[in-house]
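# Fold and geometry: a report
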Amino acid sequence: MDFLPIFLDIREQPCLVVGGGEVAARKCALLLRAGARVTVLAPSLCAALDADLAAARIAHRVASFRQEDLEGMAVAIAATSDQAVNRAVAAAARARRIPVNVVDQPALCSFILPSIIERAPLVVAVSSGGASPVLARLLRARLESLIPAGYGRLAELAGAYRDRVKARFKPAERRRFWERALQGPIAELVFSGRDAEAREALEATLEDTRLSFSGGEVSLVGAGPGDPDLLTFRALRLMQQADVVVYDRLVSQPILNLVRLEAERIYAGKERAQHALPQEDINQLLVRLAREGKRVVRLKGGDPFIFGRGGEEIDTLAAEGIPFQVVPGITAAAGCASYAGIPLTHRDYAQSVVFVTGHMQDGSMNLNWRSLAQPRQTIVFYMGLVGIDVLCRELAAHGLPAATPAALIQQGTTPQQRVLTATLESLPDLVRRSSVKAPTLIIIGEVVTLRDRLKWFEPAA
Ligand code: SAH
């Protein structure tokens with residue numbers, strides 16, 4: 001993060017704008033919206049600034065910039081077309097530690113102005129840190145369409161009740177109260193313009209002494225194979241409401257970055273043969289956290305019910321009477337296959353697909369090789385890297401042709417994704433020579449050949 005996002009109170013504060021053109025006028029308008037007292041320093045003013053002056057919204061001085069002009073200013077903006085003047089303003093302001101913005105010159109700025117979406121009193125600010133203002137504006141446009149116009153009034157309503165709710169509920173309960181109020185029927189009433197009814201509903205909820213917001217709960221959430229874009233909306237919402245997140249090694253950092261900032265994060269590990277926490281301890285941990293009244297998100301790679309031991313975790317929760325829900329995720333097979341351009345089934349090549357774990361108990365793999373080694377079937381091995389020799393050998397021994405196409409996908413759907421393609425016979429050797437990093441997925445079957453036609457969609461390595 002190159003800039004610290006903050007919201008500055010400049011009400012009634014003197015601010016200086018150097019420059020009198022259209023750009024200066026836009027910055028001026030922004031300062032005025034935030035209640036500043038603006039002085040414009042420029043030889044002449046554009047029409048918009050002239051109008052501001054006529055309406056006594058700004059003060060105007062016809063002079064060239066001198067350091068003394070910064071005296072007592074809360075903020076300075078340089079918006080002239082003369083780069084020497086802009087630089088002089090920036091240097092003088094920085095020397096006096098006055099926040100300064102130079103239009104279109106991020107290197108000279110001590111602060112930059114984000115793109116904003118305003119639903120007063122609510123303001124959303126978007127910034128690319130100066131890297132791409134156009135991208136920030138595009139994102140802003142998308143957010144505009146996402147945030148209902150009534151959000152400002154909803155924020156006002158919440159502001160009006162803030163103290164009473166604070167007095168009525170303990171902190172954890174309070175947050176839950178607001179989350180229910182702000183995204184349930186009360187919010188919907190505000191969005192449809194029925195503010196009075198929303199107020200009544202809020203009053204009623206506040207008066208209802210039976211309400212309890214103290215119970216904890218656990219959500220078993222599938223985080224997908226790595227790319228944060230593959231999260232479900234529900235996963236994201238729960239991650240942003242969580243008090244504590246218990247996560248696996250497979251959950252990628254970009255996904256963890258989407259967890260509510262204040263949430264506690266507990267690493268539950270699970271590396272091959274090096275479990276950070278034994279499964280039984282994880283089960284008990286979830287129970288304990290929920291009993292403490294917390295909203296627990298158990299974040300797992302891929303889908304919780306596919307080689308995720310999700311079944312065992314909810315078994316314990318059910319036995320202990322803890323409320324829980326399971327949120328499906330995109331499993332590694334689905335994510336890796338599409339990002340590698342390998343359809344798992346295909347009318348001409350495969351009518352079935354099987355997901356198998358290649359995790360070996362004491363060095364042996366007890367799989368039904370005969371049923372796996374079927375024609376027109378795709379086999380996807382999870383956790384197959386260590387046993388790759390055994391599984392390729394057994395499949396061949398049980399009738400799969402040595403020339404059957406095979407692929408290994410490393411760190412699928414992430415920027416580090418790598419795809420190795422070979423045959424059943426040559427894959428183990430290729431993998432040995434290629435210093436592969438976990439996690440990896442192995443796909444075996446004719447569908448792998450389709451990758452040559454479809455790989456154009458692979459994200460840049
Ligand atoms: N519940 C998970 C699977 C957990 S088992 C899911 O539904 O995807 C862990 C195995 O999943 C890893 O050993 C690897 O085989 C596979 N895997 C998970 N994420 C992967 C990724 N991004 N790329 C390749 N393989 C992955």
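Residues numbered from 1 in each chain as written. Predicted model: local features only at pLDDT ≥ 70, side-chain atom pairs only at ≥ 80, totals over all residues. Heavy atoms only, no water.

### Topic: the overall build of the chain
So the rule is basically this: Comment: elements are numbered from the N terminus, with helices defined as DSSP H or I runs of at least four residues and strands as E runs of at least two. For the radius of gyration, the atom set is restricted to C-alpha positions; the globular benchmark scales as 2.2 Å times the number of residues to the power 0.38. Three labels apply to residues, based on accessible area from a 1.4 Å probe with only protein chains included: buried if under 20% of the type maximum, exposed if over 50%, partly exposed otherwise in between. Residues count as neighbours in contact if any of their non-hydrogen atoms are within 4.5 Å of one another.
Per the secondary structure count, the chain includes 17 helices and 17 strands. The C-alpha atoms of the chain give 30 Å as radius of gyration, which overshoots the globular expectation for 461 residues (23 Å, by more than 25%). If one aligns the C-alpha atoms of the chain with their principal axes, the spans along those axes are about 90 × 60 × 40 Å. Looking at the chain as a whole, 43% of its 461 residues qualify as buried. Counting only contacts in the chain whose residues sit at least 6 apart along the sequence, the fraction spanning at least 24 positions is 62%.

### Some points on the site of the ligand
Stated precisely, the cut-off is as follows: One heavy atom suffices: a residue is near a molecule or strand as soon as one of its heavy atoms comes within 4 Å of it. Polar contacts, as used here, are pairs of N or O atoms within 3.5 Å; protein pairs need one atom able to donate a hydrogen and one able to accept it. Residues neighboring in sequence count only if both atoms are side-chain atoms. Throughout, the Shrake-Rupley method with a 1.4 Å probe supplies accessible areas, and for residues the shown protein chains are the sole cover considered. Here the limits of each domain have been adopted from an automatic or database domain assignment.
Lining the immediate surroundings of the ligand are 18 residues, of which Pro225, Ile306, Thr331, Ala332 and Thr440 lie closest. One nitrogen or oxygen atom from the side chain of Thr331 is found 2.6 Å from an oxygen atom belonging to the ligand. Thr440 is positioned with one of its backbone polar atoms (N or O) 2.6 Å from an oxygen atom of the ligand. Burial of the ligand by the protein amounts to 92% of the accessible area it has alone, namely 550 Å². Residue assignment for the shell around the ligand shows that the elements contributing at least two residues are helix H13 (332-340) and strand E17 (440-444). There are two domains that each give the shell around the ligand at least three residues, and those are domain 2 (215-330) and domain 3 (333-454).

### Considering the pairing of strand E7 (residues 122-126)
The condition is simple: At least two DSSP bridges between two strands are needed for those strands to be called paired.
Alignment of strand E6 (residues 115-119) against E7, held across five bridges, turns out to be antiparallel. The residue bridging Ile116 from the neighbouring strand is Ala125, located in E7. Connecting E6 to the antiparallel partner E7 that follows it, the hairpin turn spans two residues.

### Considerations on the domain arrangement of the chain
The line we're drawing: Here, a salt bridge means any Lys or Arg side-chain nitrogen found within 4 Å of an Asp or Glu carboxyl oxygen. Gly falls in the polar group here, along with every residue not listed as nonpolar (Ala, Val, Leu, Ile, Met, Phe, Trp, Tyr, Cys, Pro) or charged (Asp, Glu, Lys, Arg).
Entries for the chain in the domain assignment read domain 1 (14-113), domain 2 (215-330) and domain 3 (333-454). For domain 2 versus domain 3, the separation of C-alpha centres amounts to 28 Å. Across the boundary between the two partners, domain 2 contributes ten residues, which contact 15 residues of domain 3. At the boundary of domain 2 with domain 3, the tally comes to zero salt bridges. Where domain 2 touches domain 3, the interface holds two residue pairs in polar contact (both at pLDDT 80 or more). A breakdown of the residues in the side of domain 2 that touches domain 3 according to their chemical character gives six nonpolar, one polar and three charged.

### Here we look at helix H15 (residues 388-397)
This is how it is decided: Here the arc refers to the directions that run from the helix axis out to each C-beta atom.
Those residues of H15 lying buried are Ile388, Leu391, Cys392 and Leu395. Along the long axis of H15, the arc covered by the buried residues comes to 95 degrees, so they all point the same way. What points out from H15, more than 90 degrees from its buried face, is the exposed set Arg393 and Ala397. On its buried face, H15 sits against helix H14 (369-372), strand E14 (377-382), strand E15 (405-410), helix H16 (427-433) and E17. Gly399 occupies a position one or two residues after H15 and carries a positive phi of about 110 degrees.

### Describing the packing of helix H1 (residues 22-33) against helix H2 (residues 47-54)
How two helices sit against one another is set out by the angle between their axes and by the gap between those axes. Heads up, the condition is: For every element, the axis is a line fit to its C-alpha atoms; helices are fit only across the contacting stretch, and the angle between N-to-C directions ranges from 0 to 180 degrees. In this scheme the crossing of two helices becomes right-handed for a clockwise turn of the near helix relative to the far one and left-handed for an anticlockwise turn of less than a right angle.
Between H1 and H2, the least distance of the axes is 8 Å, while the angle of their chain directions is 40 degrees. Crossing geometry of H1 relative to H2 is assigned as left-handed. Along its contact with H1, which presents Ala24, Ala25, Cys28 and Leu32, the element H2 presents Ala48, Leu49 and Asp52. Split by residue class, the contact of H1 with H2 holds six nonpolar, no polar and one charged.

### As for the pattern of salt bridges
All chains considered together, the criterion is met by 29 salt bridges. The closest approach of N and O atoms between Lys300 and Glu313, which form a salt bridge, is 2.9 Å. One end of the pair, Lys300, is in strand E11 (residues 295-300); the other, Glu313, is in helix H12 (residues 310-320), with 13 residues separating them in the sequence. Taken as a pair, Lys300 and Glu313 share a single burial class, namely buried. Here Arg309 ties to Glu312 by a salt bridge, and the two come within 2.9 Å at their closest N and O atoms.

### Some points on the nonpolar core
For soluble globular proteins, the rule of thumb is that nonpolar side chains tend to be buried together. Our working rule: Throughout this description, the term nonpolar core refers to a set of buried Ala, Val, Leu, Ile, Met, Phe, Trp, Tyr and Cys residues connected via side-chain atoms within 4.5 Å.
Within the largest apolar cluster, 24 residues are counted, with the highest numbers of intra-cluster contacts made by Ile379, Phe381, Leu395, Leu408, Leu427 and Ile444. Among the elements of the structure, H14, E14, H15, E15, strand E16 (418-423), H16 and E17 are those that each provide at least two residues to this core. Considering each element in turn, this core owes the most residues, four residues, to H15. Non-local contacts of Leu408, meaning those with residues more than four positions away in its chain, are made with Leu385, Ile388, Arg418, Val419, Leu420, Leu427, Val431, Val436, Thr440, Leu441 and Ile442.

### With respect to the sheet that holds E17
The five strands are arranged E13-E14-E17-E15-E16 in an open sheet whose pairing can be described as mixed. Strands with a single pairing partner mark the edges of an open sheet, and in this sheet they are strand E13 (352-357) and E16. Direction aside, the axes of adjacent strands within the sheet are offset by 20 degrees on average. Along the sheet face, H13 touches E13, E14, E15, E16 and E17 and points at about 75 degrees away from the line of E17.

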